[in-house]
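Commentary on secondary and tertiary structure
Here are the chains, one letter per residue:
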Amino acid sequence: MMRKLNTDLLFFFFLLLTGAYALYSFHSYMDYYEMVILVGSILGFSWLGKFWQVFKKYFLSVFSISLLGVYLYQGNLANAETNFILKYFLSSQSSIMWMSAFFPLALFTYWFYLFNQQTFYGKLASNFTWIATIMGMVGLMVRWFESYLIGVDVGHIPVSNLYEVFVLFCLITALMYLYYEQKLNTMKMGGFVLIVINAAVAFLLWYTFSKGADEIQPLVPALQSYWMKIHVPANFIGYGAFAMAAMISIAYLIKDKGYMVDLLPAKHILDNMTYQAIAIGFIFFTIATILGAIWAAEAWGGYWSWDPKETWALIVWLNYAAWLHLRLIKGLRGSLLAWWSVIGLVITTFCFLGVNLFLSGLHSYGEL
Amino acid sequence: MRFAISMLSFVALASIIGTVLKQNESYESYIIKFGQFWFDFFEVLGLYNVYQASWFIIILIFLIASTSLCIYRNAPQVMRDIQEFNVKIKEESLRNMKYSSQINMPKNALDNCQQVLIDNGFKVKLTNKDSAVLLSAKKGQFQKMGYFFTHISIIIISIGGLMDGNLVFKAQEHFGVKSIETEDLPLSKIPKTSWLESTNFSYRANMLLKEGEIQSVAFLPRKDGYLVQDLPFTVALKDFEIKHYSSGQPKSFESDLLIKDKETGETVRKIISVNKPLTYKGITLYQSDFQDGGSKLKINLWDLQMKSSSEEMKSEVFKINPITHSGKKLLFEFEDFRLFNILDIEMNGEKVSKNVGPNFTYKVRNESGQAVEYQNFQFPMRVNGAQYFMSGMRVSQQEDFRYLKIPADANNSLQGFMIFKNLLFSSVKTNEAIDRIIKDTSENSTNDPQAFKLSLEKVIQMFISGGYSAVAQSIEQNIPAEKQTEIANTYIKIIFLIANNLVELYKQDNPDDDLYEIDDLQKFIQDALNTLSDRFFYGHDFYLELVDFEHIQASGLQLTKAPGQFWVYLGSLFLVLGIFCMIYIQEIRLWIFKKNNSNKATLAMSTNREHLDFKTIFEDLLEKLNNKV
C-alpha cells in the first residue's frame, strides 16, 4: 500500500515539475485558457496514473521516446531525412508507420491465441498492441513538435484533420481495450477490438499514400482555438468507446448463436463490458458535444447551427441515450442490445466519416 | 415515456432530412435541382428550413410537454424512494437475497456496525421491531437524482433553444404584422412590415460592411427574401485585414470595429476575428465572411482583333462600364477582385502552393444580354518553363475556366506580345517580312519568286483572318488527302517564318529595345502565334490588363442575440451531472436484522443495478463488519 502510494505521488510530482517547466519556459506562447488546460492535464494524468497503474509506464515511455525524437531534430526539420533514428523510427511519419505495422501483427496474434489458448501468445499480442500504442502516440507527439519546426505560427496540436484524428482514434480505442484487458483479466477480446482499429489503420494508410494526407497544414482561422484541445479528444474517447462496445457486442452475438462458445469469455462479462464502454463513451460524447456547442457559439456565432456534423452528433447521442434507457430503466439485456450497439457503430461511423464524405457543412476540416 | 421516445425518434429522422437536403439555399437553386413540382411540394413541407418548420417546432413543444408530464408523474415516487430507508422488510426476504450472509453479532456490536457503515458513506437508520432490531442503510441515492437532472435538462435545453428560434416572428408573420421582403430595395424603400425593432428578443443577422462604412441595421435571410433588423448601435468598419502564413494560406481575418450606442453615444473599439467575437449589450458580433468592397481598378483595354494601342479604363468592382465597339454596345461588369490567389504550381517537378498575385473577375455582356465571364491575373505565371499572362473565360457558371495564355516578354510585360500582334496586323510590316524571306531564299531556289510571294501572303492572310483553324479548313477543302499533312507542315513553317522575320526586322529597327531578349525567342513567337490563333475562341475582342488597383475590402459580420444560450448551457450542465449520477453512482441498500435474543444477525445487500464488481464490494464490506464485531 505504501509503495503504491509513493509511485503515484512520484508520478504526480514528476508531472508537476514537467508542467512547471513547460509553464516557465513557454508561458509567453500560451493564453490563459491553455495554462488552465495544462494544469488540468497534470491533474488528469496524475489521476489516470493512480486509477490505472500501467498508465504511468505508458506515459513515461511515450514521454521519453518523444523527447528523444525532439532532441534528435536539433531544431532542424531536415534531420527527419538525414538522422538514422529519426528517418526509420521516430519521425512522426515513421513512428505512425510502426504503429500501422504492429496493430495488424497484434490482430493476427490475438486470433492465433484465441484458437490456440496458450497464454504466451496472448501476452505477445498484448505487447504488440502496447508497442503500437506507444509508437502511435510518439508519432503524434513528435508531429506536434514538427509542426512548430515548420513555423512557430504553424505549430498546433495534431488533432486538426482527418489523418490526425484517425491516429488518435486507433490509440484511444486500443488504450481503452488494454485497460479492460487488464481489469477483466482476459485477452480474448483483442481479436475483435483490433478489427475495428485495423480498419482505421487501413483507411489511414490509403489516405496517406493516395492523398498525401500526412502533410502538416497550418490551421484555418476557425480552428485556432484552445477549444480544439478539449473538444476533439473528448469526442474521440466517445467514438473509440462506441467502436469497442460494438466489437464486443459482435463477440457476444457470435457466442449467442452458439459459435466459439468455449473460446470467448462468459456472456455476462461481454454484456457488462459493452455497457461500461457505452457508458464511458456516452459521458465523453455528451461532454464533447456540449463543449463543441460552446465553441461553435464562439466561432460560428451560434451554439447550434444544425450543421450536418452537429445534427449527426445529436442522432448518435439520441441513439445511445435510448440504448442506455432501455438497459438502465427497462432492465433490458442480451442480443437485442448487442445488435443495437453494432448498428450504433454504423451510425457513429457515419457521423465520424460519412458526414465528411457525403455532406458538406461547417465541419469541413476533414474533407477527402 | 413511449410517446417521448417516439417524438425523439421523429426529431432524429427529421434531422437527417435536414442534413441530406442542403438547408437555406436560394430558392432558384432548389427549383433547378428539383423542378417546379417537387420544389413546391418540399416548400409546403418546409424542408428547406426543416429546423424552423412549424411541424418541427411543434414536435419539440410536444417533447417538452411529455417530458414535463413524465417528471410530474414519476417525481413523487422517486423522491419517496430517495428518502425512504425501507424499514418494512422481513428477515425472510433478506435471507433470500442474492447477497446475504449470517454474521456474528454480540451485544452492542450493532453500534460498531453502524459506525463502520457511516464511515463507508452509508446513511443509517435503526428501527425497533417486535423483539428485534433492523438496521437499514443506504448509499448513493444521488443515482436517482440523475433521473431528475437528465429530464429537467432536456426541458431547459429545449426551452432555451425555442427562445432563440424564430417563434415570435412566425406568430407575427402568421397574423400579418410582419412580412418577408423579397425584392432588392434600397433601405429607405423597404416597408416597415419587414423591419424588426431593435428590441427584438433574439436573432442571428448578417451585415456586410465596406472599409470606412457605417451601418445601423443588419439583415436576416428568410426563405426567398430577407428582413431588416434594426440595431441599438451603429457599426463602423475601420479596417479589414487578412493575414497569411508564409505558405500563403489565410491565417486570420480581422475587422477593426467601432461601435457607437444610438442612445448614449458611448463608443467601443475592438478588433474582432474568427474565434474572438465582441459582445455589446447582449449582442455578439462575429467575423463570419469577407468579400471585395468595391476595389478601384485601372485597366488597359487591348483589342486583340486589330492593330491598335491600348485604351485606358477606370472602374470599380460591382460597377458596369459600357463601351461602343464597331457600332455595338458592350457592357463590362466588374464582379470581384482578389489580392491573394494561392494556386498549386509546379516548381522543379514538385507541386507547391504559391501566391500568384491579384486577379479580377468581370463579365462582358452584349446587346442581347449574353455574357462571357473572364478572370484575368495581373502578373504572369510560370507554366512549363515560360511566363504567361493567364486569362480564364467561360460562358456559364457550370463550366471550368478555359485559359488564354499570353506569353510575357523579356520585361515580364504584355508589351512584347502586343507589339508583335500589331506587326502581324500591319500589311506593310508583313510585306517587308515576306520580301526579306524571298530575298534570302531566291538565291538558291528555282521557284518563281512572284508566285512564292503570293502564296506566302495568302497563308499569312488566312492565319490573320481565322487562325490555325482557318488554315486547316482551307487545306481540308483544297488539298488532296494524301498531301494534307505535308502542306500543313509547310504552312505552319511559313507562318512561323514570317512571324520570326517580323520580330527580326523590329529588332533591327529598334536596336535599343530589349523586349525580345528572351532565352527562347522561338518559343515566345510560337506561343504568341498560338495566342492569336486562340483569340477566335475567346468570346470577345478585348483583353483587359490590370494596371493598378486600390484594394477596398468588405467584412461580413454576424450579429447574434441569443438569450436562450444561458439556459442551454445550464441545461447542459444538468445533463452531464445527471448522466454522471445515473451511470457512475451505484445505489446500494443494506440491512442487518438482529433478533434481540440471538448472537447472530442476517445481513443483506442489494443494488438496483448490478455491475461486475458488486460482489467484491459486498465481500469487502462484510469483512470490515466482521472485523469490527
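What counts, and where the lines are drawn
- Numbers given for residues are sequential positions, taken from 1 along each chain in its written order.
- Chains carry letters from A onward and ligands carry numbers from 1 onward, assigned in written order.
- pLDDT decides what is reported in this predicted model: residues at 70 or higher carry local features, side-chain atom pairs at 80 or more are listed and counted, and totals for whole chains, interfaces and linings draw on all residues regardless.
- Water and hydrogen atoms were dropped before computing side-chain values, which therefore reflect all heavy atoms in the structure.
- Helix numbering and strand numbering both begin at the N terminus, where a helix is a DSSP run of H or I of at least 4 residues and a strand a DSSP run of E of at least 2.
- When we talk radius of gyration, it's over C-alpha atoms, and the globule rule is simply 2.2 Å times the number of residues to the 0.38.
- Accessibility here uses a 1.4 Å probe with only protein chains present; expressed as a share of the type maximum, an area under 20% marks a residue as buried, one over 50% as exposed, and anything in between as partly exposed.
- Note on definitions: a residue-residue contact is assigned when non-hydrogen atoms from the two residues lie within 4.5 Å.
- Computed by Shrake-Rupley with a 1.4 Å probe, the accessible areas treat only the displayed protein chains as cover when residues are assessed.
- Charged-residue counts in this description rest on Lys and Arg as positive and Asp and Glu as negative, His and the chain ends being excluded.
- Working definition for charges: the position is that of NZ of Lys, CZ of Arg, CG of Asp or CD of Glu.
- Stacked, edge-to-face and tilted are the three classes for Phe, Tyr and Trp ring pairs, Trp counted by its six-membered ring, which pair at centre distances within 6.5 Å; planes under 30 degrees apart are stacked, over 60 edge-to-face, the rest tilted.
- In this scheme, Lys NZ or Arg CZ marks a charge over a ring once it lies within 6 Å of the ring centre and within 35 degrees of the ring normal.
- Without a salt bridge and with relative accessible area above 30%, a residue can belong to a patch; like charges are then joined within 9 Å and nonpolar side chains (Val, Leu, Ile, Met, Phe, Trp, Tyr) within 5 Å.
- Take a side-chain nitrogen of Lys or Arg and a carboxyl oxygen of Asp or Glu: if they are within 4 Å of each other, that pair is a salt bridge.
- The predictor rates its confidence in each residue with pLDDT, a number between 0 and 100.
- Two parts lose some accessible area (1.4 Å probe) when they are put together, and adding that loss for both gives the buried area.
- Counting of polar contacts relies on pairs of N or O atoms within 3.5 Å, with two restrictions inside protein: one atom must be capable of donating a hydrogen and the other of accepting it, and residues adjacent in sequence are counted only when both atoms are side-chain atoms.
- Take the number of residues in a helix, subtract one, and multiply by 1.5 Å to get its expected span.
- Should DSSP find at least two bridges between two strands, the strands are regarded as paired.
- Only C-alpha atoms enter the line fits that serve as axes; for helices the fit covers just the stretch in contact. Angles between N-to-C directions range over 0 to 180 degrees.

**A few points about the overall build of chain B**
Summing up its helical and strand segments, chain B has 14 helices and 26 strands in all. Relative to a compact globule of 629 residues, whose C-alpha radius of gyration would be 25 Å, chain B shows 42 Å and is clearly more extended. Residue burial in chain B is summarised as follows: out of 629 residues, 46% are buried. Within chain B, contacts between residues separated by at least 24 positions form 61% of all contacts whose residues are at least 6 apart in sequence. Counting only carbon and sulfur atoms, one obtains 54% of the accessible surface of chain B, whose full area is about 32900 Å². Of the charged side chains in chain B, 69 are positive and 74 negative; the average position of the first set lies 14 Å away from that of the second.

**Some points on the packing of aromatic side chains**
The description of two aromatic rings rests on the distance between their centres and on the angle between their planes. The tally for this structure, following the rule as stated, stands at 78 aromatic pairs over all chains. Between Phe112 of chain A and Tyr121 of chain A, the aromatic rings sit 4.8 Å apart at their centres with planes inclined by 85 degrees, giving edge-to-face as the arrangement. With centroids separated by 5.0 Å and ring planes inclined at 80 degrees, the aromatic side chains of Phe236 of chain A and Tyr239 of chain A adopt a geometry described as edge-to-face. Linking Phe236 of chain A with Tyr239 of chain A, this pair stays in helix H10 (residues 227-256), spanning 3 residues, or about one helical turn. No difference in accessibility class separates Phe236 of chain A from Tyr239 of chain A, as the two residues are buried. Of note, Lys138 of chain B hangs over the ring of Phe85 of chain B, and the distance from its end group to the ring centre comes to 4.3 Å. The ring of Phe169 of chain B carries Arg222 of chain B above its face, with NZ or CZ at 5.7 Å from the centroid.

**What to know about a nonpolar patch on the surface**
Residues and elements named next belong to chain A. Taken together, Leu68, Tyr71, Phe84, Ile85, Tyr88, Phe89 and Trp98 make up a surface patch of nonpolar side chains, about 710 Å² in accessible area. Looking at the nonpolar patch element by element, the count peaks at 4 residues for helix H5 (residues 84-90). With respect to the element layout, Phe89 can be found in helix H5. Residue Phe89 is classed as partly exposed on the basis of its relative accessible area, which comes to 35%.

**Side note on the confidence of the model for chain B**
Residues and elements named next belong to chain B. Looking at chain B, the pLDDT average stands at 89 and 98% of residues meet or exceed 70. The spread of mean pLDDT over the elements of chain B runs between strand S16 (residues 342-347), the lowest at 73, and strand S9 (residues 267-273), the highest at 96. Here the predicted complex carries an ipTM of 0.91, next to a pTM of 0.85.

**Brief notes about the interface of chain B and chain A**
Listed per partner, the contact involves 45 residues of chain B and 48 residues of chain A. For the pair chain B and chain A, the two sides together bury roughly 4000 Å², of which 66% comes from carbon and sulfur. Among the residues chain B hides against chain A, the three largest losses belong to Tyr245, Asn275 and Leu612 of chain B. Together they make up 17% of the total. Our enumeration of links across chain B and chain A arrives at 1 salt bridge. Here Asp153 of chain A and Lys251 of chain B are joined by a salt bridge, their closest N and O atoms 2.9 Å apart. Here chain B and chain A share 17 residue pairs in polar contact (both at pLDDT 80 or more) between them. Where the side of chain B that touches chain A is concerned, the elements lending two or more residues are helix H1 (2-20), helix H6 (142-163), strand S8 (250-261), strand S24 (553-561) and helix H13 (565-584) of chain B. Tallying contributions element by element places H13 of chain B first for the side of chain B that touches chain A, with 11 residues.

**Considering H1 of chain B**
Turn by turn, an α-helix covers 3.6 residues, leaving residues three or four places apart pointing in a common direction. Over its 19 residues, H1 of chain B extends 27 Å from the first C-alpha to the last, a length consistent with the 27 Å expected when each residue adds 1.5 Å. What H1 of chain B keeps buried is the set Ala4, Met7, Val11, Ala12, Ala14, Ser15, Gly18 and Thr19 of chain B.

**Section: the sheet that holds strand S3 (residues 132-139) of chain B**
Residue and element names in this part refer to chain B. Sheet architecture is open: 5 strands sit in the order S1-S26-S25-S3-S2, paired in antiparallel fashion. Either end of the sheet is taken by a strand with one partner, and the two such strands are strand S1 (99-104) and strand S2 (123-129). Neighbour-to-neighbour, the strand axes of the sheet open up by a mean angle of 20 degrees, direction not taken into account. Bridge count between strand S25 (residues 588-595) and strand S26 (residues 600-607): 7 bridges; the pairing is antiparallel.

**Some remarks on the side chain of Asp8 of chain A**
Residues and elements named next belong to chain A. Considering the arrangement of structural elements, one finds Asp8 in helix H1 (residues 2-26). For Asp8, a relative accessible area of 8% corresponds to the buried category. Leaving out residues up to four positions away in the same chain, Asp8 has contacts with Gly49, Lys50, Gln53 and Lys56.

**Some words on the sheet that holds strand S13 (residues 311-316) of chain B**
By definition, the strands of a sheet pair up through backbone hydrogen bonds, in either a parallel or an antiparallel sense. Residues and elements named next belong to chain B. The sheet built from 3 strands is open, its strands ordered S13-S12-S23 with antiparallel pairing. Looking along the sheet, the strands with just one partner apiece sit at the ends: S13 and strand S23 (542-550). This sheet shows a mean twist of 30 degrees between the axes of neighbouring strands, independent of strand direction. Pairing of strand S12 (residues 296-303) with S23, which is carried by 8 bridges, proceeds in the antiparallel orientation.

**Focus: the pattern of salt bridges**
All names here are of chain B. With the rule as written, the count across this model stands at 22 salt bridges over all chains. One salt bridge in this structure joins Glu197 and Lys178, with 3.1 Å as the shortest N-O distance. Placement of Glu197 in the loop between strand S4 (195-196) and strand S5 (203-210) and of Lys178 in the loop between helix H7 (167-174) and S4 is noted, with a sequence separation of 19 residues between them. Glu197 sits in the partly exposed class, given a relative accessible area of 45%. One salt bridge in this structure joins Asp527 and Lys523, with 3.9 Å as the shortest N-O distance. Taken together, the positions of Asp527 and Lys523, both in helix H12 (residues 521-534) and 4 residues apart, correspond to about one turn of that helix. A relative accessible area of 13% means that Asp527 is categorised as buried. Take Lys523: its relative accessible area is 30%, and that puts it in the partly exposed class.

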